[in-house]
Amino acid sequence: PPPPLMSIFGNSVKLKESIPLINELNGDKLQVVLERLVQNLHLKDASAFTEQEEVKLQKVFRLDQEQVDVVLTACAFIFQQFAYHNISSEERVRASLTECNMTEEKQLLFLGTWGQHGKQYLTNLRQHRLGGPSVLRGISCQPQLQMSDSGPQ
């Protein structure tokens with residue numbers, strides 16, 4: 001059974017602090033950011049945006065570097081939680097975003113992005129190992145022995 005709605009995001013203080021920032025962003029520009037994030041989230045050590053692009057985001061959204069980091073982290077966290085809890089229904093996405101006081105406009109952006117890219121994100125996650133131990137699948141060895149000849153002494 002799906003987890004109760006309250007547990008999807010837990011009591012994330014950072015998420016609650018980021019929602020007012022997200023609600024104030026330009027929707028068209030946020031859409032591009034959300035798509036880029038969800039398409040790159042499965043990459044373990046890669047950032048969705050370069051430093052130069054983050055500086056551009058600061059100018060476009062009129063935010064400082066810390067605020068841009070908070071917004072990007074929160075948006076990534078939302079998609080990661082959708083994946084972790086295997087949320088695919090429109091109703092569950094909306095309910096979980098409503099719970100954090102996200103505006104309807106921004107909910108629709110997340111809903112559309114998740115609907116369009118969520119399955120691919122889940123597929124990409126399934127293809128990457130989470131860092132667990134390697135498993136030995138088989139063993140093969142060839143002994144190479146040299147025999148000595150004990151002839152007459």
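Residues numbered from 1 in each chain as written. Predicted model: local features only at pLDDT ≥ 70, side-chain atom pairs only at ≥ 80, totals over all residues. Heavy atoms only, no water.

## Some thoughts on the pattern of salt bridges
A complete count under the given rule lists four salt bridges for this structure. Across the pair Arg36 and Glu53 runs a salt bridge, and its minimum N-O distance is 2.8 Å. Taken together, the residues span a long stretch of sequence, with Arg36 in helix H2 (residues 27–40) and Glu53 in helix H3 (residues 51–61) at a distance of 17 residues. A salt bridge links Glu90 to Arg94; the shortest N-O distance between them is 3.6 Å. Taken together, the residues Glu90 and Arg94, both in helix H5 (residues 90–99) and four residues apart, mark about one turn of the helix. (Salt bridge = Lys/Arg side-chain N within 4 Å of Asp/Glu carboxyl O. Helix = DSSP H or I, 4+ residues; strand = E, 2+ residues; numbered from the N terminus.)

## Digging into the environment of Gly118
With respect to the helices and strands, Gly118 occurs in helix H6 (residues 104–127). You can call Gly118 buried: its relative accessible area is 2%. (Buried < 20%, exposed > 50% of the residue type's maximum accessible area, 1.4 Å probe, protein only.)

## Focus on the packing of H2 against helix H4 (residues 65–84)
The angle between the axes and the distance between the axes are what describe a pair of packed helices. Running from N to C, H2 and H4 point in directions that differ by 60 degrees, and their axes come no closer than 10 Å. Considering the angle they form, H2 stands oblique to H4. Both H2 and H4 take part in a crossing whose hand is right-handed. Residues Val33, Leu34, Leu37 and Val38 of H2 form the contact with H4, whose participating residues are Leu72, Cys75, Ala76 and Phe79. (Axes fitted to C-alpha atoms, helices over the stretch in contact; angles between N-to-C directions. Parallel < 35°, antiparallel > 145°, perpendicular 65-115°, else oblique. Left-handed = near helix turned anticlockwise from the far one by under 90°. Contact = heavy atoms within 4.5 Å.)

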